[in-house]
Amino acid sequence: MSSTASPTPSGTVYIVGSGPGDLELLTLRAARLIGEADAIVYDHLIADGVLALARPDAEKIYAGKESSKHSLPQEELNQLLVRLARAGRMVVRLKGGDPFVFGRGGEEIETLVDSGIPFEVVPGVTAAAGCAAYAGIPLTHREHAHAVTFATGHLKDGTINLDWPSLARPRLTVVFYMGVGGLAEICRQMIAHGLPADHPAAVVQNGTTRRQRVLTADLATLPEKVAAAGIRSPALIIVGTVVRLQQKLSWFPPRAPGEPG
Ligand code: SAH
């Protein structure tokens, strides 16, 4: 055994969801950890204003997002978390929405487990829950949908090779994440697998923020409407008859008293 001082004990990595955009949807636990962290490794899609909760001397490292040229490759990112923790730092790995819903939280944790780094996961409000609430589209409803499915509109290999028969079903709400680029294909497949062309569908862009935009249409007309409106990522696609409720249940952004509906 060497007689030198024992090595610095490893810091903990907190994999934290920051919710879909509205800062007030951050959990109390997330806010506390962000305020205490020595280092924060954050993504492109984190709630506006969330980094202002960090200590002024905390190191803030931008990890970017996959489609950006300036993002860190996943393996480098995994190793960065290990390095920071081994230096004894308290690390917050900050992600949009919930870390375990299309957030690669699982992949990052595997490296931590393999490296013996202690970690915790802090859930966040996932985009489907946030956008549905702020758009006035309940994800389930006793008269419309008995189940809800979250699907990705963008697979690792660039295709949208989903199990269409299981998605194109009545009384089901399907929420597609990362689906704007593939919207026309998604709508085409849902119709090809049995849903009527006039089955309701919506797109919510920048949900829960002041920039939120909601478009409702049906499977046949949504792609054209979305293209005409110039809707881009981040946006969610919601398919199901629950979309019909939006007109009545919409409440955000709140109207000033006396403002016409
Ligand atoms: N872990 C995140 C999802 C990451 S995948 C979560 O749980 O929400 C990124 C996709 O999430 C985007 O392409 C978009 O489809 C969706 N998304 C995230 N924030 C959004 C927002 N504010 N409004 C609409 N869609 C959003």
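Throughout what follows, the structure given in this document is the object of discussion. Note that this is a predicted model, so its numbers are computed, not measured.

## Focus on the sheet that holds strand β3 (residues 59-64)
The strands that make up a sheet are held in pairs by hydrogen bonds between backbone atoms, and each pair lies either parallel or antiparallel. Pairing is parallel in the open sheet, where 5 strands are placed in the order β3-β2-β4-β1-β5. The sheet is open, and its two borders are formed by β3 and β5 (119-122), each paired with just one other strand. Neighbour-to-neighbour, the strand axes of this sheet turn through a mean angle of 15°, independent of strand direction. Inspection of the sheet shows strand β2 (residues 39-43) paired to strand β4 (residues 91-95) by 4 bridges, in the parallel sense. Paired with Tyr-42 across the bridge in β4 is Leu-94.

## Notes on the sheet that holds strand β7 (residues 172-177)
Taken in spatial order, the 5 strands of this open sheet run β6-β7-β10-β8-β9, and their pairing is mixed. Each of the sheet's edge strands pairs with one partner strand only, and the pair in question is β6 (147-152) and β9 (213-218). This sheet shows a mean twist of 20° between the axes of neighbouring strands, independent of strand direction. In this sheet, strand β10 (residues 235-239) lies alongside β7 in antiparallel orientation, the contact comprising 3 bridges. In the strand pairing of β10, Val-174 is matched with Val-239. With respect to the sheet, helix α7 (residues 222-229) is in contact with β8 (200-205), β9 and β10, its orientation differing from that of β9 by roughly 150°.

## Things to note about the nonpolar core
Ranked by size, the top nonpolar core spans 25 residues in total, and within it Phe-176 and Met-190 carry the most contacts. At the level of secondary structure, the elements contributing two or more residues to this core comprise α5 (164-167), β7, α6 (183-192), β8, β9, α7 and β10. With 4 residues, α6 is the single largest residue contributor to this core. If sequence neighbours within four positions are ignored, Phe-176 has contacts with Ala-151, Leu-162, Trp-164, Leu-167, Ile-186, Met-190, Ala-235, Leu-236, Ile-237 and Val-239. If you look at the next biggest cluster of nonpolar residues, it comprises 18 residues, including Ala-30, Val-50, Met-90 and Val-122.

## Focus: the pattern of salt bridges
Enumeration over the complete set of coordinates arrives at 10 salt bridges. Notably, a salt bridge pairs Arg-93 with Asp-43, separated by 2.9 Å at the nearest N-O pair. Residue Arg-93 is found in strand β4, and its partner Asp-43 is found in strand β2; the two are separated by 50 residues along the sequence. Asp-43 shares its class with Arg-93; the two are buried. Of the charged contacts in the structure, one is a salt bridge between Glu-108 and Lys-95, with a shortest N-O distance of 3.2 Å. Residue Glu-108 is located in helix α3 (residues 105-115), and its partner Lys-95 is located in strand β4; the two are separated by 13 residues in the primary sequence. Per residue, the accessibility class of Glu-108 equals that of Lys-95, and both read buried.

Rules used in this analysis
- Residues numbered from 1 in each chain as written.
- Predicted model: local features only at pLDDT ≥ 70, side-chain atom pairs only at ≥ 80, totals over all residues.
- Heavy atoms only, no water.
- Pairing = 2+ DSSP bridges.
- Helix = DSSP H or I, 4+ residues; strand = E, 2+ residues; numbered from the N terminus.
- Axes fitted to C-alpha atoms, helices over the stretch in contact; angles between N-to-C directions.
- Contact = heavy atoms within 4.5 Å.
- Core = buried A, V, L, I, M, F, W, Y, C linked by side-chain atoms within 4.5 Å.
- Buried < 20%, exposed > 50% of the residue type's maximum accessible area, 1.4 Å probe, protein only.
- Salt bridge = Lys/Arg side-chain N within 4 Å of Asp/Glu carboxyl O.

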